[in-house]
Amino acid sequence: MSLIKDNTPSAVTPDGAIYFDSAATSWPKPPGVAAAMLDYLERVGANPGRSGHRASIEAGRIMYQTRELVAETFNCNDPMRVAFTLNITQAINLVLQRLLKPGDHVLTSSMEHNSVMRPLRALEHEGVELNCVACDVEGKLNPVDLEKLILPHTRLIVLNHASNVSGTILPLREVAEITRKHNILLLVDAAQTAGVLPIDIQADQIDFLTFTGHKSLYGPTGTGGVIFGERVDIEMVRPLTRGGTGSRSEREEQPDFLPDRFESGTQNVVGLAGLGASLKWLQELGISELRLQEEELCAYLLHGLKGIPGITIYGPKESIQQTATVAINLAGYSPAELGLILDDEYGILCRAGLHCAPAAHRTLGTFPTGSVRISLGAFHQKRDIDSVLQALQNISRVNKP
Ligand SMILES: Cc1ncc(COP(=O)(O)O)c(C=O)c1O
């Protein structure tokens, strides 16, 4: 089954390589994304919300349309509770740095990306208390273990929805129940799942849903944001940057309303125009339908990998328990070496190493060298997977000196 009816765009690059690095950023982008960006640049061009003329109003309309599409994608009732940032790293930093205070306790998992770990480690030096719940060797989190670490002053739980290394999906709903029971806030790093798994900010009881536009939402780089759940009083979170918003220009104080409280300076309208187009494309295709397609392809990849001598697969090894991101190693080769051979000799583009997630690699037992990550997206076909499997099969047959 493939939802992509024709072969264009495909995951094959103009020089014949196959792109398997969707977890870093998705490529290709859906039809319409580049056109929407070009349309903004060539037809509109103005600064949104700054001037009263028609071009500025049109730029504001484009931006608001994307805000609405983001809200719809995650079932948020109020588009104004979507604040745009340049990527998820900035969105996570906004919440962590501007919500937490010395004396607060925060809980996270041992599978987090450095976008979470680095701000948290810095906050630890400023008096925020931090505990990381240990996930198992497949990256799975047991909510009971997490609950045991809750203290009277625990303010926030921060979790990725799925690992960027092994694809392991964390039990969001169970964790959300725990946060409600103990009156703790929940920040979700949905970098790897926004656009891959259906996420409903209300039903999933998420307080801060952070997303990045350029991965599985299929938008351009330079787009992302945070959606504030209904429980969040925005006064709790101070702005990360302050400056011009085009609103309340008579005042030297930052506006206190959403989204202007968090959106100072000219926004990436060209990127947001592209993100709007990719979100429309996702809505037409259906995130659940796309998930089924990726699950099937991931199962096919896992099955093939299991038959290749010398391959170790990390993570759940079950397509239903993970995203279509698979971490492997091949006996006799370092991840860096394998990644290079795949690229140089077979035109297979993967990411090797630690994937900005040393904690996750420690958990999976692959620190310090890491693994090779094969990550799929909407445009992969079975024949692409056959190519990567054939390449690994060939490399595994070579007797290294
Ligand atoms: C789980 C996770 N969190 C955060 C990030 C950071 O994303 P960005 O570079 O778009 O801010 C990534 C990107 O690899 C990720 O996989």
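Our subject is the structure that appears above.
What counts as what
Residues numbered from 1 in each chain as written. Predicted model: local features only at pLDDT ≥ 70, side-chain atom pairs only at ≥ 80, totals over all residues. Near = placed C-beta within 6 Å. Nonpolar A, V, L, I, M, F, W, Y, C, P; charged D, E, K, R; others polar. Pairing = 2+ DSSP bridges. Helix = DSSP H or I, 4+ residues; strand = E, 2+ residues; numbered from the N terminus. Axes fitted to C-alpha atoms, helices over the stretch in contact; angles between N-to-C directions. Contact = placed C-beta atoms within 7 Å. Parallel < 35°, antiparallel > 145°, perpendicular 65-115°, else oblique. Left-handed = near helix turned anticlockwise from the far one by under 90°.

(A) Seen up close, the site of the ligand. Around the ligand sit 13 residues in total, of which N87, T89, N164, A191 and T212 are the nearest. Per-class residue counts for the shell around the ligand are 3 nonpolar, 9 polar and 1 charged.

(B) Geometry of the sheet that holds strand β3 (residues 105-109). Taken in spatial order, the 7 strands line up as β2-β8-β7-β6-β5-β3-β4 in an open sheet, and their pairing is mixed. Only two strands of the sheet have a single neighbouring strand rather than two, namely β2 (82-85) and β4 (129-133). The average angle at which neighbouring strand axes cross in this sheet is 20°, direction not considered. Judged from the 4 bridges that link them, β2 and strand β8 (residues 224-228) form a sheet pairing that is antiparallel. Bridging across to β8, V82 finds its partner in I227. Against the sheet, helix α3 (residues 88-99) contacts β2, β5 (154-160), β6 (185-189), β7 (208-212) and β8, and its axis sits at roughly 45° relative to β8. Against the sheet, helix α6 (residues 172-181) engages β5 and β6, with an angle of about 155° to β6.

(C) Quick peek at the packing of α3 against helix α4 (residues 114-125). Across the interface, α3 lies against α4 with an axial gap of 9 Å and an inter-helix angle of 30°. Comparing the axis directions of α3 and α4 gives the class roughly parallel. Both α3 and α4 take part in a crossing whose hand is right-handed. Where α3 abuts α4, its residues I88, T89, I92, N93, L96 and Q97 lie against S115, V116, P119, L120 and L123. Looking at the contact of α3 with α4 residue by residue, the class counts come to 7 nonpolar, 4 polar and no charged.

(D) How the structure looks around the sheet that holds strand β9 (residues 311-314). Spatial ordering of the open sheet is given by β9-β10-β13-β12, a layout of 4 strands whose pairing is antiparallel. Strands at the two margins of the open sheet, each flanked by one partner only, are β9 and β12 (351-353). Each strand axis lies, on average, 30° off the axis of its neighbour in the sheet, ignoring direction. Docked against the sheet, helix α9 (residues 335-346) engages β10 (325-330), β12 and β13 (371-375), running at close to 160° with respect to β12.

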